[in-house]
Amino acid sequence: MKHELEFLQIHGGYGANQSWFWDPLMRIGGCAAITACELSAYLSLQRPEYRNLYPYDPGQISRMDFIRFGRHMKHFISPRPRGVYKLSFYEDGFLEYANHTGIKLSMELVSGEQSYEEAAAFLKRKIDAGIPVPYLLLKHTDKEMDDYTWHWFTMTGYEEQEDSLYAIFATYGKRHRLDLAKLWDTGHEERGGMITIRTPDPS
C-alpha cells in the first residue's frame, strides 16, 4: 500500500531547495526553517483554517516568494552553531510563528529514542490525515545516509512492501525514498525524530 501527499511543486522541484538562498546561514543551516515553510505552505493550501500560515498565494508558489518566506521564518526557527538539533527548538519556533499569524495550534512528536514501531505508526497516521511531517536526522552509522545527516527534511508519504515501510520525503528540491527502519536506526545515542501539528483523532 502506498499513500503519498500531492506535495508542493516549486520552481520545477519537489519542495524547496536550500541552494536558492543567498544568505549563507540559510544555505548551510536553514533546513529546519525550510521544512517549516513547506509545512506552512502545504497546510495553507489544503486547509482553510491554516490559510494565514503562508503569506503569499499557496496555489502559485514561486521560488522568489518562498525565498522571502524563508527569510521571515528564519526569525522564528533560526540556524545556530549546531543547527536546530532538538525537536523542542523546532516546536517553540513554529508555535511562535503560528501565533504571530493569529493561528493557535499544538504539535506532537515522536523522538528518536522511541521505538521504530512508534515512529512508523506516527508517520502513517499523519500522512493518512493529510499532514506532512518534518523529520530530523542527526548522526548515522550508515554511509548511505550521509546526504541526510544533521539535516531536516519533510516526510510526504509512505509505501508498505511486505515487511518494510518506505518513507517518501522532500529535500534539496527532490523526491527521495528510503527504508524507514534503516533511517530510524541511527546507531548513535543522540537522535532526532519527527514532529508536526496535532490533529483531532478520527471519530
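Above: the structure in question.
The shown structure was predicted, so the numbers you read here are calculated from the model rather than taken from an experiment.

Here's the deal with empty space enclosed by the protein
Thought 1: Within this structure, the stated rule accounts for 2 cavities of 30 Å³ or more.
Thought 2: Here the largest cavity defines a volume of roughly 70 Å³.
Thought 3: As for the largest cavity, its lining consists of 14 residues, and the residues nearest its centre are Ala16, Ile34, Trp152, Thr171 and Tyr172.
Thought 4: Of the residues that constitute the lining of the largest cavity, the class distribution is 7 nonpolar, 6 polar and 1 charged.
Thought 5: What lines the second largest cavity is Gly112, Tyr135, Leu136, Leu137, Trp184, Thr186, Arg191, Gly192 and Gly193.
Thought 6: Counting residues per element, the lining of the second largest cavity draws most heavily on strand S5 (residues 133-137), which supplies 3 residues.
Thought 7: Of the residues contributing to the lining of the second largest cavity, the split by class is 4 nonpolar, 4 polar and 1 charged.

Remarks on the packing of helix H2 (residues 31-46) against helix H4 (residues 87-100)
Thought 1: Interhelical geometry of H2 versus H4 gives an angle of 45° and a closest axis separation of 11 Å. One way to sum up the angle between H2 and H4 is to call them oblique. In this structure, H2 meets H4 at a crossing whose hand is right-handed. From H2, Ala32, Thr35, Ala36, Leu39 and Ser40 reach across to H4, where they touch Tyr90, Phe94 and Tyr97.
Thought 2: Partitioning the contact of H2 with H4 into residue classes produces 6 nonpolar, 2 polar and no charged.

With respect to H4
Thought 1: Counted at 1.5 Å a residue, the expected span for H4 with its 14 residues is 20 Å, and the 20 Å between its end C-alpha atoms agrees.
Thought 2: Turning to H4, its buried residues are Leu87, Tyr90, Gly93, Phe94, Tyr97 and Ala98. Across the axial projection of H4, the buried residues extend over an arc of 135°, all falling on one side. Opposite the packed face of H4, turned more than 90 degrees from it, sit the exposed residues Asp92 and His100.
Thought 3: A positive backbone phi angle near 90° is found at Gly102, which sits one or two residues after H4.

Section: the nonpolar core
Thought 1: In this structure, Tyr90 and Met155 are the most contacted members of the largest nonpolar core, which totals 69 residues.
Thought 2: The element best represented in this core is H2, accounting for 10 residues.
Thought 3: The contact partners of Met155, leaving out residues within four places of it in the chain, are Leu123, Ile127, Pro132, Val133, Tyr135, Ala167, Ile168, Phe169, Leu180 and Leu183.

Parameters at a glance
Residues numbered from 1 in each chain as written. Predicted model: local features only at pLDDT ≥ 70, side-chain atom pairs only at ≥ 80, totals over all residues. Heavy atoms only, no water. 1 Å grid on protein atoms, 1.4 Å probe; cavity = no way out; pocket = protein on both sides within 12 Å on 5 of 7 lines; lining within 4 Å. Points joined across faces, edges and corners; volume = space filled by probe spheres on them. Nonpolar A, V, L, I, M, F, W, Y, C, P; charged D, E, K, R; others polar. Helix = DSSP H or I, 4+ residues; strand = E, 2+ residues; numbered from the N terminus. Axes fitted to C-alpha atoms, helices over the stretch in contact; angles between N-to-C directions. Parallel < 35°, antiparallel > 145°, perpendicular 65-115°, else oblique. Left-handed = near helix turned anticlockwise from the far one by under 90°. Contact = heavy atoms within 4.5 Å. Expected span 1.5 Å × (residues − 1). Buried < 20%, exposed > 50% of the residue type's maximum accessible area, 1.4 Å probe, protein only. Arc of directions from axis to C-beta. Core = buried A, V, L, I, M, F, W, Y, C linked by side-chain atoms within 4.5 Å.

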